[in-house]
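The residues making up each chain are set out below.
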Amino acid sequence: MAARQRLGVGIIGAGNISSQYLKAMRAFPVLDIRGIADMRPDVAERKAAEFGVKAASVEALLADPSVEILVNLTIPRAHVAVGLRAIAAGKHVYSEKPIGVNFAEARTLVAAARKKGVRIGSAPDTFLGGSHQQARAVVDSGKLGTIIGGTASFGVPGHEYWHPDPAFYYDVGGGPVLDMGPYYITDLVNLLGPVKAVQAMSLTPAKQRPIRSEPKKGQMMPVKVFTHVTGTLQFASGALVQVSLSFDVPKHTHKPLEIYGTEASMQVPDPNMFGGEVKIARPRAEDWDDVPVKIPYADANYRSLGVADMAYAILNDRPHRCSGDLALHVLEVMEAFETASKSGQIVRIKTKVERPAPMTDSLKRGKIA
């Protein structure tokens, strides 16, 4: 009997991010899209028509035996509830980030998957992109020496300048840490390993913010989260990384990620993207040297690469890289920013996770397998 080469995929959630997933999934023949559902059937039907897939109800997708992986693209506050329903139906689940809005709730999701014998995965998968995997290869080669520290910087004036309905970014489950932190912290864990402790301070400069984009321009949004967060991550390796995540920065010139070793420093591109420039510089160098990016998946938006890797992992009986354990560790770290900010104390991280295997371990002729 020939080995299986495809897995059936169902998508729940037909919002903005679903277009990126549906477009990117075309690059991965291992993913057989069986349908898309949304609590608003008309939205699912429009999205299905746009991408030439079938619209279905949530109940139909959960009951469909041909759907083996459920991709959960609902709003963050619904990630755990929808994920638990999919697990109960015997589906593997891949969730959009974050895996949950709080650690305790998300831990029940991971535990339920383990008990049911299905896999749980979660975005972000951008750290699987060619540029970030090239940066990982630099770290693993030892060219940087012993990693001492680094910086992670994200700052924008706020999503109200561009998003058509930005209020949820400022509601419980929103804020720059849960919104953008997954990209930065996941990439740092990919590069440096697990986080050991978190120290942080945070601000909420405005309790209400005006929407500046159409169609709700001028409406006021309540702000229920910290919108300017700074802190330090101590990694199990001993490295210390300074982190700044903010919706209150008009403009800045900081690089998204820099890693500092005893032998060289490295610039890592935006962890919200799959590609970008990787550069290194040795002590007293006049300029940065480019690191050629030779690893695939750096030339486009491959948002679903993590789903494809999970499908191949299921078919080949190996661990998948965007694992529930990784996402849970990152969520605990993100939650620690708030805990540390409110208590003024260093928060020790309890979860432990191994760095995901580098993509070069399973790349064959430019394809994951």
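Scroll up for the structure.
Quick caveat, the model's predicted, so the values are computed rather than measured. Within every chain, residues take consecutive numbers counted from 1 along the sequence as written. The model is predicted, so local features are restricted to residues of pLDDT at least 70 and side-chain atom pairs to those at 80 or more, both for listing and for counting; the totals for chains, interfaces and linings are taken over all residues. To obtain the side-chain values, all non-hydrogen atoms of the structure were used and water was disregarded.

### A look at the overall build of the protein
When its secondary structure is counted, the protein shows nine helices and 18 strands. We take the radius of gyration over the C-alpha atoms and set the globule estimate at 2.2 Å times the residue count to the 0.38 power. In terms of C-alpha radius of gyration, the protein reaches 20 Å, essentially the compact-globule figure of 21 Å for 369 residues. Counting only C-alpha atoms, the protein reaches 60 × 55 × 35 Å along its principal axes. Summary of the burial criterion: residues with accessible area below 20% of their type's maximum are buried, those above 50% are exposed, and those between are partly exposed, where the area comes from a 1.4 Å probe applied to protein chains only. Taken across its 369 residues, the protein has 56% of its residues classed as buried. For this analysis, residues touch if any pair of their heavy atoms sits within 4.5 Å. The contacts of the protein with a sequence gap of at least 6 include a subset with a gap of at least 24, amounting to 73%. For accessible areas, the Shrake-Rupley method is used with a probe of radius 1.4 Å. Any residue's cover is judged against the shown protein chains and nothing else. For the protein, the computed accessible surface area is about 16800 Å², with 53% contributed by carbon and sulfur atoms. Just so you know, the count uses Lys and Arg for positive and Asp and Glu for negative, and it drops His and the chain ends. Just so you know, the charge point we use is NZ for Lys, CZ for Arg, CG for Asp and CD for Glu. For the protein, the centre of its 44 positive side-chain charges and the centre of its 36 negative side-chain charges are spaced 3 Å apart. The numbering of helices and of strands both runs from the N terminus, where a helix is a DSSP run of H or I of at least 4 residues and a strand a run of E of at least 2.

### Examining the pattern of salt bridges
When the charged atoms of two side chains with opposite charge come close together, those side chains can pair. By salt bridge we mean one thing: a side-chain nitrogen of Lys or Arg within 4 Å of a carboxyl oxygen of Asp or Glu. Scanning all chains against the criterion turns up 19 salt bridges. We note a salt bridge from glutamate 59 to arginine 85, for which the minimum N-O separation is 3.7 Å. Within this pair, whereas glutamate 59 is found in helix H3 (residues 58–63), its partner arginine 85 is found in helix H4 (residues 79–88), the two being separated by 26 residues in sequence. Residue arginine 85 is classed as partly exposed on the basis of its relative accessible area, which comes to 43%. Taking the shortest distance from any N to any O, the salt bridge between arginine 136 and aspartate 140 comes out at 2.9 Å. One end of the pair is arginine 136 and the other is aspartate 140, both in helix H6 (residues 130–141) and four residues apart, which spans about a single turn. When its relative accessible area of 4% is taken as the criterion, arginine 136 is described as buried. Each member of the salt-bridge network shares a partner with another, and the members are Arg6, Asp32 and Arg34.

### A few points about the pairing of strand E11 (residues 240–246)
Strand direction decides the pairing type here: strand E6 (residues 147–155) and E11, joined by seven bridges, are parallel. Bridging across to E11, glycine 149 finds its partner in leucine 240. Where strand E10 (residues 228–235) meets E11, seven bridges bridge the pair, whose relative direction is antiparallel. Its bridge partner lying in E11, histidine 228 is registered against serine 246. Two strands qualify as a pair provided that DSSP identifies no fewer than 2 bridges between them. Between E10 and the antiparallel strand that follows it, E11, lie four residues; glycine 238 among them carries a positive phi value of about 105°.

### Some points on the environment of glycine 149
Tracing the chain through its elements places glycine 149 in strand E6. Along the backbone, glycine 149 and phenylalanine 168 are 19 residues apart, and their C-alpha atoms lie at a distance of 33 Å. The residues contacting glycine 149, other than those within four sequence positions of it, are Ala239, Leu240, Val241, Glu258, Ile259 and Tyr260.

### Considerations on the packing of aromatic side chains
Aromatic pairing here means that ring centres of Phe, Tyr or Trp (its six-membered ring) are within 6.5 Å. Orientation follows from the plane angle: under 30 degrees is stacked, over 60 is edge-to-face, and everything else is tilted. The full count for this structure, using the stated rule, is eight aromatic pairs. Among the aromatic residues, those joined into a cluster by ring pairs are Phe28, Phe274, Tyr297 and Tyr302.

### Focus: helix H8 (residues 305–316)
To estimate the expected span of a helix, count its residues, drop one, and scale the result by 1.5 Å. Taking 1.5 Å per residue, 12 residues should reach 16 Å; H8 reaches 16 Å between its end C-alpha atoms and fits that length. With nine of its 12 residues buried, H8 lies for the most part within the structure. Aspartate 317 sits one or two residues past H8 and shows a positive phi near 55°.

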